[in-house]
Structure formats: C-alpha cells, structure tokens
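# Descriptive structure summary
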Amino acid sequence: MATRLVQINMKAQDDSALGRFWAEALGWGVDSEGPGVTNLEPVGFSYPDPVAVCIDIVARPEPKTVKNRVHLDLATTSTAHQAELVARLKDLGATLADVGQGDVPWTVMADPEGNEFCVLEPRPVYQDTGPVAAVVVDCADPREMARFWGRATDWTVHEVTDGQATMRSAQGVGPYLEFVRTSDAKSVWNRVHLDVRPYPGDVLEAEADRLRALGATDPGIDQSAISWTVLADPEGNEFCLLTPA
C-alpha cells in the first residue's frame, strides 16, 4: 500500500476569485465540483497524474491570520522570465511580501488573499517541473518529515539534511515536495494542506491505519460527514487521505 501527493487544498474567502488568479498565474484550467469549491489543473490533464499537483480552493469564512506553513515555489527559466513573471503576477493582483527572507535571489509574493509563494530564480533542478517547482512545507525537523512522508508515499527522497529534505514522484516528473526547517511553531489549523490518495484497489481504512503506525495522528474533529480521512503528520500538519483512485 502507498499514497501519492495529488493536490494541495487551499482555503479562501472567495474561492472563485482566488481560483481565477491561480489559473492565470499557472496557465491552468478552472473547474468546480460544487458551490464553494474551485478546482485547478493543467489543460488536458488526466487526473491523477504525477506530472502535476493540482489545486483545490475551498471557501471558508475565516480570514488568514499567520504565515502559511505550506506554500508554492514557482519555476522560471531565466532571469528575464523571473522578472516578467513577477510583473505579470503583480498585474493579476499579487503583492510583494516580507517574511524575513532578507537579500535572496528569489522573490517572495502573496496572492490576493495573502497566501505567500515564491518566484524562484532559474535553477536547473526545476527546469522540467512545469510552472510549480515545489510544494514547500515549513517544519522543525526535515529528517523526521522525510522519514514519515518517504514511507507514507511512494515518492522518492532525493536529499535529506538538517535544514531541508526533498522528494519527488518516483516517475521523475512534476514538482518536488520539500520540507524546510523554520523556527516558527505551528499555531493554527493550516490554511493550505496536502491531499494524498491511495491507489485503486487499496482500502481507505487500512491505509489510514498504516499512516497512523508511521506516526500520523487524528486531529480530533468530527469526520462522520466526509468520505475521506483527515490526519496530521508528526509535526501536526493536517492532510487529507482521499478515497483510492
């Protein structure tokens, strides 16, 4: 049994408006599975496929109050492309953001609802990822996160240091999943989280039990009205275990 990262879930006060921003930012298509949910994926994409990690934007009334612990890094192919992308994102409604990054070669921005993301300088490692270079998770212990997520999913762990851990689909396509050490402690329910999905033929309850044995915990919420399972990783980051597909 195994899971794979298929999408990130992002809360928004206006899912349609934020969906339009990210669709324009990434050049992706927009759909909706129902009121209050906006689904984004590449045009012509066949879900699920590791060539992309999709985005589900879900309407929630609560405003953003703290820096997100999960964010996107966007890839660029040249310094000119980086500058052009930053300018285009500003025109779409993004703003520059200061999260204490100091003098760095990448540009930290925030989308129209304040969700932080980075526009990276060109890096060879990200040249074949598509528009999303990486899904980045803040953490206290990248080694422990690599241990858990490396066993929770069938993605390949590429690098593990005290400061960062990096994973990617075993097929060598799509964005990376990265865990970066930060000193900030988790204080609220994550406004952006990972969604993982088992493969066809797997049993949801059995996979949830396997993840608990690896160190996942139950967040203590009523889950009687949903078909998926909400868990938290060893650092308390909530994630959804979707039905097998």
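Above this note sits the structure.
What this report covers is the structure whose coordinates are included nearby. (Residues numbered from 1 in each chain as written. Predicted model: local features only at pLDDT ≥ 70, side-chain atom pairs only at ≥ 80, totals over all residues. Heavy atoms only, no water.)

### Structural notes on the sheet that holds strand β2 (residues 29–34)
One open sheet holds the seven strands; their spatial order is β2-β3-β4-β1-β13-β15-β14, and the pairing between them is mixed. In the strand order of this sheet, the two ends are held by β2 and β14 (229–232), each with one partner. Mean inter-strand twist for the sheet, computed between neighbouring axes without regard to direction, equals 30°. Sheet topology places strand β3 (residues 37–41) next to strand β4 (residues 54–59); four bridges connect them, and they run antiparallel. Across the sheet, the residue bridging to Asn39 is Asp56, located in β4. Packing against the sheet, helix α4 (residues 204–214) makes contact with β1 (3–12), β13 (192–198), β14 and β15 (238–241), and its axis sits at approximately 5° to β14. (Pairing = 2+ DSSP bridges. Helix = DSSP H or I, 4+ residues; strand = E, 2+ residues; numbered from the N terminus. Axes fitted to C-alpha atoms, helices over the stretch in contact; angles between N-to-C directions. Contact = heavy atoms within 4.5 Å.)

### As for the side chain of Asp138
With respect to the helices, strands and loops of the structure, Asp138 is situated in strand β9 (residues 132–139). A polar contact is formed between the side chain of Asp138 and the side chain of Lys67, at a distance of 2.6 Å. If near-sequence neighbours (up to four positions away) are discounted, Asp138 is found in contact with Lys67, Asn68, Arg69, Val180, Thr182 and Asn237. (Polar contact = N/O pair within 3.5 Å; in protein donor to acceptor, adjacent residues only side chain to side chain.)

### Remarks on the environment of Ala52
Relative to the assigned elements, Ala52 resides in the loop between β3 and β4. With 136 residues separating them in the primary sequence, Ala52 and Val188 have C-alpha atoms 28 Å apart. For Ala52, the residues in contact, after removing those within four places along its chain, are Val6, Trp28, Pro42, Phe45 and Pro175.

### A few points about the sheet that holds β9
Taken together, the eight strands give an open sheet; going across it, the order is β6-β7-β8-β5-β9-β12-β11-β10, and neighbouring strands pair in mixed fashion. The sheet is open, and its two borders are formed by β6 (95–96) and β10 (156–160), each paired with just one other strand. In terms of strand pairing, strand β7 (residues 107–110) meets strand β8 (residues 116–119) through four bridges, oriented antiparallel. Residue Met109 lies in a different strand from β8, and its bridge partner there is Phe117.

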